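A closer look at the structure
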Amino acid sequence: MRHLLIIAATLLATSAYADTPLDFLARYEKDAGSPASAERGARFFNMKHGDEWSCASCHTERPTQVGRHAKTDKPIKPLAPSANAERFTDAAKVDKWFRRNCNDTLNRACSAQEKADVIAWLLTLN
Amino acid sequence: MKFQAASSIAAVLAALALPAHADSYKLPRNVILEEECGSCHMVFPPQMLHADSWRAMMGDLARHFGSDASLDEQRRIAITDFLVAHSGGRKTGATRDARGKPLLRISETERFIKKHREISAATWQRASIKSPANCGACHTRAAAGDYDDDTIRIPK
């Protein structure tokens, strides 16, 4: 009986993490209080924000393709969900990478609006 | 009982014998290490830095060689413990810089400098090599923890 409960709890916990890119988009739009703009997302992704790197510096301007870490050269799997089904499906990973990468490219956290815009743009890529 | 004692003595002897393989940097699989460190760069052998260096590095991940590599606390501790457990003390030579701070770059350790003294500045700068952090450019089996001389092939 106890084992069954543990299995049930694990399944519940796992399903809580099984998000889709659209879930993240909806969540960030709600937090921002206004709809996302893919066009704004594209601009944001490709511009530098006062620092050395843009998002595209590592993810390329066409993130359906494999990127490369600007410093270490390590290949980075495509960021666009159409090219990599694992993207934007795990809240812990999404939080971690937005935290790190926004800090590296903008020297601050990204706003919910910026995150929503970028995801909206990534979802238009095929 | 006797057999048990003999086998534990054998285990201790085997453990003591390990550091003698100076160029073997084999590691037990560690998924968290591969996932977290390996997502941005190759997994550098923990044996190449002193435990103090790993502790210092893992204590300042938000400023990791110019990048934010911050981690959740649980994973940070797990990785630190693993790195410290497999760190190299004596092998690396001096473990601190002139100001007494733990060295954070493997390429600044005495052992690394001594081992690479024949590599010219021009060789380091080749597009095929780029940086001393790019171990696999010349050490063809680096990803498997094999830095043996026989496996070196310096690219043009």
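Heads up: the structure comes first, above all this text.
What comes next concerns the included structure. (Residues numbered from 1 in each chain as written. Chains lettered and ligands numbered in written order. Predicted model: local features only at pLDDT ≥ 70, side-chain atom pairs only at ≥ 80, totals over all residues. Heavy atoms only, no water.)

**A few points about the pattern of salt bridges**
Enumeration according to the criterion identifies 17 salt bridges over all chains in this entry. With a closest N to O distance of 3.3 Å, Asp73 of chain A and Lys130 of chain B form a salt bridge. Note that Asp73 of chain A is positioned in the loop between strand S1 (67–68) and strand S2 (75–76) and Lys130 of chain B in the segment after helix H6 (121–124), a pairing that runs across two chains. Taking relative accessible area as the criterion, Asp73 of chain A reaches 30% and is therefore assigned partly exposed. One salt bridge in this structure joins Glu36 of chain B and Arg75 of chain B, with 2.6 Å as the shortest N-O distance. Placement of the pair is Glu36 of chain B in helix H2 (residues 31–36) and Arg75 of chain B in helix H4 (residues 73–85), with a sequence separation of 39 residues. In this structure Arg75 of chain B comes out as partly exposed when scored by relative accessible area, which is 22%. Each of Lys96 and Arg100 of chain A together with Glu35, Glu36 and Arg75 of chain B takes part in a single network of salt bridges with overlapping partners. (Salt bridge = Lys/Arg side-chain N within 4 Å of Asp/Glu carboxyl O. Helix = DSSP H or I, 4+ residues; strand = E, 2+ residues; numbered from the N terminus. Buried < 20%, exposed > 50% of the residue type's maximum accessible area, 1.4 Å probe, protein only.)

**Some details on the interface of chain B and chain A**
Each partner contributes to the interface: chain B provides 15 residues, whereas chain A provides 13 residues. Buried area between chain B and chain A, both sides added, is near 1,200 Å², and the carbon and sulfur share of it is 36%. Counting the contacts that link chain B with chain A gives 3 salt bridges. For Lys96 of chain A, the salt bridge identified is with Glu36 of chain B, shortest N-O distance 2.6 Å. For the pair chain B and chain A, the interface holds 11 residue pairs in polar contact (both at pLDDT 80 or more). Tallied by class, residues from the side of chain B that touches chain A come to 5 nonpolar, 6 polar and 4 charged. (Contact = heavy atoms within 4.5 Å. Buried area = accessible area lost by both parts, 1.4 Å probe. Polar contact = N/O pair within 3.5 Å; in protein donor to acceptor, adjacent residues only side chain to side chain. Nonpolar A, V, L, I, M, F, W, Y, C, P; charged D, E, K, R; others polar.)

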